[in-house]
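Chain by chain, the residues run as shown.
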Amino acid sequence: QLQASGGGLVQAGGSLRLSCAASGRTFSSYTLAWFRQAPGNERGIVAAISWSGDSTYYEDSVKGRFTISRDNAKNTVYLQMNSLKPEDTAVYYCAADWAPRGRVGVGSDAYDYWGQGTQVTVSS
């Protein structure tokens, strides 16, 4: 299972750090990702990182503001979010994809395991 945490209410320009801890299995051979879904919108990818950390992907609107990282020893993936904007408001989900060769998928259908989501609200 994946357990996301770290969401909350923050003013525009502020920062939050999301964490997603995995349990029940080792996710060291998995690509890990963060998705988000705002009301009325489809769930879309925010960032992803390969099992080794060598490959990352960022959605265009978060490039330069968000950083994804992982600690395989702790079975945890992080999303550092800086310079937050009201349009970043959404429920954020972590997800895992079995990818021992380092594939970094960007579609939600590539991911097999999902966390429960954590709410991020950015006020203007």
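Higher on the page you've got the structure.
Undergrad: Just checking my understanding: could you explain the overall build of the chain for this structure?
TA: Check the secondary structure of the chain and you find zero helices and 11 strands. From first element to last, N terminus to C terminus, the chain shows the α and β order β-β-β-β-β-β-β-β-β-β-β. In summary, the chain has a C-alpha radius of gyration of 13 Å against a globular reference of 14 Å for 124 residues, a match within 12%. Here the chain, with 124 residues, has 43% of them falling under the buried criterion. Put simply, 59% of the contacts in the chain that link residues at least 6 apart link residues at least 24 apart. Both charge centroids of the chain, one from 11 positive and one from 10 negative side chains, sit 5 Å from each other.

Undergrad: Looking at this model, I keep getting lost on the side chain of R65. Mind explaining?
TA: Counting through the fold element by element, R65 comes out in the loop between β6 (56–58) and β7 (66–71). Only 2.9 Å separates the side chain of R65 from the backbone oxygen of S61, close enough to count as a polar contact.

Undergrad: So what exactly am I meant to see when it comes to the packing of aromatic side chains here?
TA: The relative placement of two aromatic rings is captured by the distance of their centres and the angle of their planes. If you walk through the whole model with that rule in mind, you get seven aromatic pairs. Summarising the aromatic geometry, the rings of F35 and Y111 are spaced 5.3 Å apart at their centres and angled 75° between planes, so their arrangement reads as edge-to-face. Of this pair, F35 sits in strand β4 (residues 30–37) while Y111 sits in the loop between β9 (90–98) and β10 (113–114), placing them 76 residues apart in sequence. Across this residue pair, the class does not change: F35 and Y111 are buried. Taken together, the ring pairs in this structure connect F27, Y30, W98 and Y113 into an aromatic cluster. In this structure, R43 is placed above the aromatic ring of Y93, and the distance from its NZ or CZ to the ring centre is 3.7 Å. Between R43 and the ring centre of W114, over which it is positioned, the NZ or CZ distance is 4.9 Å.

Undergrad: Is there a simple way to think about the pairing of β4 in this case?
TA: In the case of a regular strand, side chains alternate between the two sheet surfaces. Of all eight residues that make up β4, seven are buried, and the element is covered over most of its length. When β4 meets strand β5 (residues 44–49), the two strands line up antiparallel, connected through five bridges. Residue F35 lies in a different strand from β5, and its bridge partner there is I45. Two successive antiparallel strands, β4 and β5, enclose a turn made up of six residues, where G40 displays a positive phi of approximately 85°.

Undergrad: What should I look at first to understand the pairing of strand β3 (residues 16–22) in this one?
TA: For β3, a buried count of five out of seven residues is recorded, marking the element as mostly surrounded by other parts of the structure. Of the pairings in the sheet, the one linking strand β1 (residues 2–5) to β3 comprises four bridges and is antiparallel in character. Counterpart to Q3 in the pairing with β3 is A21. Here β3 pairs with strand β8 (residues 76–81) via six bridges, running antiparallel. Note on β8: the bridge partner recorded for L18 is L79.

Undergrad: Explanation requested: the sheet that holds β7 in the structure shown.
TA: In sheet architecture, strand pairing relies on hydrogen bonds along the backbone and comes in two forms, parallel and antiparallel. Pairing within the open sheet is antiparallel, and its four strands lie in the order β1-β3-β8-β7. Looking at which strands have only one partner, the edges of the open sheet turn out to be β1 and β7. Going across the sheet, the axis of each strand differs from the next one's by a mean of 15°, ignoring polarity.

So, how was this worked out
- Residues numbered from 1 in each chain as written.
- Predicted model: local features only at pLDDT ≥ 70, side-chain atom pairs only at ≥ 80, totals over all residues.
- Heavy atoms only, no water.
- Helix = DSSP H or I, 4+ residues; strand = E, 2+ residues; numbered from the N terminus.
- Rg over C-alpha atoms; globule rule 2.2 N^0.38 Å.
- Buried < 20%, exposed > 50% of the residue type's maximum accessible area, 1.4 Å probe, protein only.
- Contact = heavy atoms within 4.5 Å.
- Lys, Arg positive; Asp, Glu negative; His and termini not counted.
- Charge placed at Lys NZ, Arg CZ, Asp CG, Glu CD.
- Polar contact = N/O pair within 3.5 Å; in protein donor to acceptor, adjacent residues only side chain to side chain.
- Phe/Tyr/Trp six-rings, centres within 6.5 Å; stacked < 30°, edge-to-face > 60°.
- Lys NZ or Arg CZ within 6 Å of the ring centre and 35° of its normal.
- Pairing = 2+ DSSP bridges.
- Axes fitted to C-alpha atoms, helices over the stretch in contact; angles between N-to-C directions.

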